[in-house]
Amino acid sequence: MSLFLPKLTCKKDIDEVIKGVAEKVVVLRFGRDEDSVCLQLDEILSKSAHDLSNMASIYIVDVDKAPVYTRYFDISYIPSTVFFFNGQHMKVDYGSPDHTKFVGSFKTKQDFMDLIEVIYRGAMRGKMIVQSPIDPRNITKYDLLYHGI
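Please read all numbers here as calculations on a predicted model, not as lab measurements.

**Concerning the pairing of strand 5 (residues 88-93)**
Consecutive residues of a regular strand have side chains that alternate between opposite faces of the sheet.
For step 1, the next point in the chain: Pairing geometry for strand 4 (residues 80-85) and strand 5, over three bridges, is antiparallel. Bridged to phenylalanine 84 within strand 5 is histidine 89.
For step 2, the next point in the chain: Bridge analysis of strand 5 against strand 7 (residues 129-131) gives three bridges, and the strand direction is parallel. The residue of strand 7 that forms the bridge with valine 92 is valine 130.

This is the structure we're talking about:
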């Protein structure tokens, strides 16, 4: 659990942040406070929050308290990190089939900071999808799960 990052506890709060934060990347970390990988990611996010304060606002979302968004973004693995800019969902090409979210923890603080900078610069140019600057070896590999097909 991160004591330094704000928590969003319901759909209304999440909607307000997504729609209300202007000219910054909104970072939503979906996960659980007791999960060890979430804690690892929270440490990276909280250490980066001050350095990125001009470009990003970072929030923690408990998957159990926001089931609407958990289903909408198909959060099957935690932690999953989703990005928005001026109310628009930002997609990132990580070299994986899913461009809607980053799954797992970032390996380094610099990986996260580089990604936010690329998303911010791309969004300021009107792009809705950007190419990930993270070394592919530092990106968690996973298979997409399709339920009920």
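**Regarding the nonpolar core**
A general tendency of soluble globular proteins is for nonpolar side chains to be buried together.
For step 1, the next point in the chain: Membership of the largest hydrophobic core comes to 28 residues, with the highest contact counts inside it found for Val25, Phe83, Phe106, Phe112 and Ile116.
For step 2, the next point in the chain: For this core, the secondary-structure elements that each account for two or more residues are strand 2 (25-31), helix 2 (36-49), strand 3 (56-62), strand 4, strand 5 and helix 4 (109-124).
For step 3, the next point in the chain: Those residues in contact with isoleucine 116 that sit more than four places away from it in its chain are Val25, Val27, Leu52, Met55, Ala56 and Phe83.
For step 4, the next point in the chain: If you look at the next biggest cluster of nonpolar residues, it comprises 17 residues, including Ile18, Leu28, Tyr59 and Phe84.

Conventions and cut-offs
Residues numbered from 1 in each chain as written. Predicted model: local features only at pLDDT ≥ 70, side-chain atom pairs only at ≥ 80, totals over all residues. Heavy atoms only, no water. Pairing = 2+ DSSP bridges. Helix = DSSP H or I, 4+ residues; strand = E, 2+ residues; numbered from the N terminus. Core = buried A, V, L, I, M, F, W, Y, C linked by side-chain atoms within 4.5 Å. Buried < 20%, exposed > 50% of the residue type's maximum accessible area, 1.4 Å probe, protein only. Contact = heavy atoms within 4.5 Å.

Fair warning: the whole summary comes from geometry, so function is off the table for now.
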